[in-house]
Amino acid sequence: MPGETIVLGKDVSYTGISNVREGTITTTFTEIDKTVKGATTRTIVKGWAEQTLELTCVDVPGVNEGSVVTVSNTGASGHALSSVKFLVTSVSASEPLDDIITYTVSATRGVQ
């Protein structure tokens, strides 16, 4: 089933991480097959939601795997993101020859 991607802008604040340039939250859902025996078509329903967070930082983010980042949306975008906690699953650095070093932080909703 299709998910939803939210590009986080100026009305979003991050706690537990530094130097965030941009962020994206993606929501995807599992699919549950609810087809009954003898049916001529398959019935698929939406299952458990999973949210992932991707952040780009312009300097050392100050987090590592296992850290917690809190996202708060101060705008009225309609997405329930008031103090949502994400568990950092990976941190990677990009060091191009002729540009600034950036860090990509990936996280999933929930904490250990």
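Bear in mind that the values here come from a model prediction, so they are computed numbers and not experimental data.

Help me understand the environment of Ser90 in this model?
Take Ser90: it is sitting in strand β6 (residues 84-94). Measuring from C-alpha to C-alpha, the distance between Ser90 and Ser67 comes to 9.8 Å, with 23 residues separating the pair along the chain.

I tried to follow the nonpolar core on my own but got confused; where do I start?
Ranked by size, the top nonpolar core spans 16 residues in total, and within it Ile17, Leu53, Leu55, Val69, Val71, Phe86 and Val105 carry the most contacts. Every element with two or more residues in this core is listed here: β2 (12-15), β4 (44-57), β5 (68-73), β6 and β7 (102-109). Residues within four places of Ile17 in sequence aside, it is in contact with Leu55, Cys57, Pro61, Val63, Val69 and Val105.

What am I meant to see in unusual backbone geometry here?
Peptide bonds are, in most cases, trans, and in most cases residues other than glycine have a negative phi. In the Ramachandran plot, Asn19 falls in the positive-phi region, its phi being about 65° despite a non-glycine side chain. Along the polypeptide, Asn19 turns up in the loop between β2 and β3 (20-33). Residue Asn19 is classed as partly exposed on the basis of its relative accessible area, which comes to 35%.

Explain the pairing of β4 to me, please; I cannot follow it from the model alone.
Judged from the 12 bridges that link them, β3 and β4 form a sheet pairing that is antiparallel. Of the residues in β4, the one forming a bridge with Gly23 is Leu55.

What am I meant to see in the pattern of salt bridges here?
Pairing is possible between side chains that carry opposite charge, provided their charged atoms lie close to one another. Under the defined criterion, the tally for this structure stands at one salt bridge. Arg42 is the partner of Asp33 in a salt bridge, and the nearest nitrogen-oxygen pair spans 2.6 Å. Exposure remark for Asp33: the relative accessible area of 44% places this residue in the partly exposed category. Under the relative-accessibility criterion, Arg42 is labelled exposed at 61%.

Rules and cut-offs
Residues numbered from 1 in each chain as written. Predicted model: local features only at pLDDT ≥ 70, side-chain atom pairs only at ≥ 80, totals over all residues. Heavy atoms only, no water. Helix = DSSP H or I, 4+ residues; strand = E, 2+ residues; numbered from the N terminus. Core = buried A, V, L, I, M, F, W, Y, C linked by side-chain atoms within 4.5 Å. Buried < 20%, exposed > 50% of the residue type's maximum accessible area, 1.4 Å probe, protein only. Contact = heavy atoms within 4.5 Å. Pairing = 2+ DSSP bridges. Salt bridge = Lys/Arg side-chain N within 4 Å of Asp/Glu carboxyl O.

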